[in-house]
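Coordinate analysis (summary)
Next come the chains, spelled out residue by residue.
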Amino acid sequence: MFPRTGLFGPILLLVFFLWVVFPGGSAVSGRSLRFQEVLTLAENNAYDLKIARSDVKISRHRLDEVRSLYYPSLDFQLYNEYVYVPEENEQGVVSVGSSVSTTLESTYQHSVVASLNYQLYDFGARGLKYENARREMDIARLNLDRSRVDLRIQVLESYARGLRLWRRHESALRILELRKEIYRSALQLKEAGTVGQRQVQEFALELAEAMGRVDDLEREYQNALNDLAYYTGDPYLAVRTAFTDFPEPDQNEPIPEVARLAEIRVIEAEIDGKRAEVEIAQKEMLPRLVAYGAYRMYGSDPDSFGRSLKEISERDATVAVVAEWNLFSGFRDVSKVRRLKAEVERLTYEKQKRAADLARDIKSSYQAYRLLVDRNEQWQKRRSRIRLSREIDSRLSRQQLLDGIAHLEHEVELVRHQLDLDLKKIDRAVAGLKLAFWREGQTN
């Protein structure tokens, strides 16, 4: 209940102030956004996709890296050393680092060595490493597909939020115009003595509330545009930006299969990679055969460093087959195998959890989409009733059989009904497009 005096004056001043400062009217549609264009901009601008494409390149170079295991390695070494032989060492055998010199006297000696190493047999560990490198490249490509699907869904939700707020804002502006007309009509009727002061107060408060609602929606709408600009890299202003509706998705497409989604395929590939790492770690605990060949040029001089460099004239060659076997490493290899097996178990649980999450999301979107599609006929009837109601109100108003304020109040309700239908249409499109993006992200 409002008092008859005291509050009416301030309310009128508030309404007049808001009317002057915020006259209302539709936003200047300097730019009309379309979902497909926004999506293309977002895909061209997305850092996640750029990073994923870089990962594909990195994995390709990694594969080339591992392929080098199938080739021999060629090393070139230059040794410069001084060998000191104690006088009591009659055998003339001196150990210098990892080499052994058989000189009988102290001397400067130098050598140039070209050596060739080739792994002959390692129980298949090399092949498993190569398969894992190929698997990493497949994972990088699948991650690119997953990032693209994730981005599309994020842009879809951001665009949907902007579209909903734009619809709400346009409806709020229309309601504001109607509230202004109602208030003007109430003032005229008050002067004629038909409407009382209390009713005028209520209409003034409803007008102020409508103005405040428009202001709040404009701030929310600008925030939604800022969020969309994050994806596209293109700034938008609320007063100059409008939205177009989503394209209608295909109603006959099947439900996406969770097992074929890139996100699940990535985890499966990671599990296979970890299992291969377990095999590699186990095979590296076994001996391996390596072929070794070397050609050496060497020379020495007991008195002069410079002359020893010039005296590199002696030659020898070595060919060997070496069996390498690290029999004990402090249980490091055993612990590594156990760790990798535990990681396989963790990835298995992660796959099950993510598959369950995706199945829930897909099921929810599918059910919501089918429910909204099945109600399409009801919506069409509801739209027809709204159009018919407007036609009847307009005809009765022209014939002066319907009160002007009642006609405007009914139009406010019709605007709200129309907004509700528009928002349901957006919900249906969002659910359908999500399903379409998941289907496009399926891999064989």
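Residues numbered from 1 in each chain as written. Predicted model: local features only at pLDDT ≥ 70, side-chain atom pairs only at ≥ 80, totals over all residues. Heavy atoms only, no water.

1. With respect to the nonpolar core
Core analysis: the biggest nonpolar cluster contains 67 residues, and L33, F35, V155, Y159, F243, F246 and W438 have the highest contact counts within it. Among the elements of the structure, α2 (35-45), α3 (47-67), α4 (125-191), α5 (197-232), β6 (241-243), α8 (332-374) and α10 (404-440) are those that each provide at least two residues to this core. At 19 residues, α4 tops the list of elements feeding residues into this core. The contact partners of V155, leaving out residues within four places of it in the chain, are F35, V38, L39, A42, L228 and Y231. (Core = buried A, V, L, I, M, F, W, Y, C linked by side-chain atoms within 4.5 Å. Buried < 20%, exposed > 50% of the residue type's maximum accessible area, 1.4 Å probe, protein only. Helix = DSSP H or I, 4+ residues; strand = E, 2+ residues; numbered from the N terminus. Contact = heavy atoms within 4.5 Å.)

2. Details of empty space enclosed by the protein
Across all of its chains, the model carries two cavities of 30 Å³ or more by this definition. Taken as a whole, the largest cavity holds about 60 Å³ of empty space. Along the walls of the largest cavity sit P249, D250, Q251, E253, P254, Y366, Y369, R370, G432, L435 and R439, which together make up its complete lining. Split into classes, the residues belonging to the lining of the largest cavity amount to five nonpolar, two polar and four charged. In this model, the second largest cavity occupies a volume close to 40 Å³. What lines the second largest cavity is simply L163, D245, F246, E248, K425, I426 and A429. (1 Å grid on protein atoms, 1.4 Å probe; cavity = no way out; pocket = protein on both sides within 12 Å on 5 of 7 lines; lining within 4 Å. Points joined across faces, edges and corners; volume = space filled by probe spheres on them. Nonpolar A, V, L, I, M, F, W, Y, C, P; charged D, E, K, R; others polar.)

3. A short note on the pattern of salt bridges
By the definition in use, this model includes 35 salt bridges. Measuring nitrogen to oxygen at the nearest pair gives 3.1 Å for the salt bridge that ties E268 to K351. Placement of the pair is E268 in helix α6 (residues 262-283) and K351 in helix α8, with a sequence separation of 83 residues. The exposure class of E268 is partly exposed, given its relative accessible area of 24%. A salt bridge links D420 to K424; the shortest N-O distance between them is 2.9 Å. Of this pair, D420 and K424 both sit in helix α10, separated by four residues, roughly a single helical turn. On the accessibility criterion, K424 (25% relative accessible area) is partly exposed. The structure contains a network of salt bridges with shared partners spanning E263, K353, R354 and D357. (Salt bridge = Lys/Arg side-chain N within 4 Å of Asp/Glu carboxyl O.)

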